[in-house]
Amino acid sequence: IDFPVTWDVGAPLPHLFLNGHKAYLTFYIKSVDTNWDGTYTTVVDTASDKVVSLALVEFEHCTSAKLGSPNDEVFESHPLYGKGLELYTPMQIVNSDWIKEIQRINSIHSNYNPANWKNTKHFFFGFHDDTFECIARSFKVELYQTSFRNLLNIVAEKLVG
């Protein structure tokens, strides 16, 4: 999918927040330290008040979302491994079995309308320590230069507002 940023491959530290209609995914954006000489490692800490580059992705009309296993070390265990799925890049799963499963579950509702599922998409983000998957209609990305703690406060306001 067309996505405006690249996340940090080493430690993007994704966080997922959701309610019944929206999902918010936050993570560190890839940044290049022009002074890096290869002799040290930068450790990121979500509890720090240091200003960093972060992304906030809002998934609109979210039906379901999950963040967790598999990580990049056991990625080949993902059911879609070998079918074009890649790590470290945002993707859309076409002809998703997960969408079909959720649609099948919802089909028993008296007001079920298959047309409501026409624009539903299955998004996949393969991070270093986690994978994120979401069934939603669309997403929008906002970029922040702030602390992780401050961004989490912004997300909390968006969820209750």
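Above this text sits the structure in question.
None of these values were measured; they are calculated from a predicted model. (Residues numbered from 1 in each chain as written. Predicted model: local features only at pLDDT ≥ 70, side-chain atom pairs only at ≥ 80, totals over all residues. Heavy atoms only, no water.)

Caption draft 1: Region of interest: the overall build of the protein chain. Per the secondary structure count, the protein chain includes two helices and eight strands. Secondary structure elements in the protein chain, listed N-terminal to C-terminal, are β-β-β-β-β-α-β-β-β-α. If you line up the protein chain on its principal axes, its C-alpha atoms span 60 × 40 × 25 Å. For the protein chain, the residues scored as buried account for 36% of the 161 residues in total. Sequence separation of at least 24 residues holds for 72% of the intrachain contacts in the protein chain that already meet a minimum separation of 6. Carbon and sulfur atoms provide 49% of the accessible area of the protein chain, an area that totals close to 9600 Å². Put simply, the protein chain has 13 plus and 19 minus side-chain charges, and the middle of one group is 12 Å from the middle of the other. (Helix = DSSP H or I, 4+ residues; strand = E, 2+ residues; numbered from the N terminus. Buried < 20%, exposed > 50% of the residue type's maximum accessible area, 1.4 Å probe, protein only. Contact = heavy atoms within 4.5 Å. Areas by Shrake-Rupley, 256 points an atom, 1.4 Å probe, with all protein chains shown as cover. Lys, Arg positive; Asp, Glu negative; His and termini not counted. Charge placed at Lys NZ, Arg CZ, Asp CG, Glu CD.)

Caption draft 2: Inspection of the pairing of strand β2 (residues 22-28) at higher detail. Burial analysis of β2 places six of its seven residues in the buried class, which makes it a mostly covered element. Where strand β1 (residues 15-18) and β2 come together, four bridges link them in antiparallel fashion. Its bridge partner lying in β2, L16 is registered against L25. In sequence, β1 turns back onto β2 through a hairpin of three residues. The pairing of β2 with strand β3 (residues 52-60) spans seven bridges and is classified as antiparallel. Bridge pairing in β3 links Y24 to E58. (Pairing = 2+ DSSP bridges.)

Caption draft 3: Expanded view of the sheet that holds strand β6 (residues 121-126). Read from one edge to the other, the open sheet built from four strands follows the order β4-β7-β6-β5, with strand pairing classed as antiparallel. Both outer strands of the open sheet, β4 (64-68) and β5 (90-93), are each paired with one neighbouring strand and no more. Neighbouring strand axes in the sheet, compared pairwise and without regard to direction, differ in orientation by 15° on average. Pairing geometry for β4 and strand β7 (residues 131-136), over five bridges, is antiparallel. Bridge assignment links A65 to a residue of β7, and that residue is C134. (Axes fitted to C-alpha atoms, helices over the stretch in contact; angles between N-to-C directions.)

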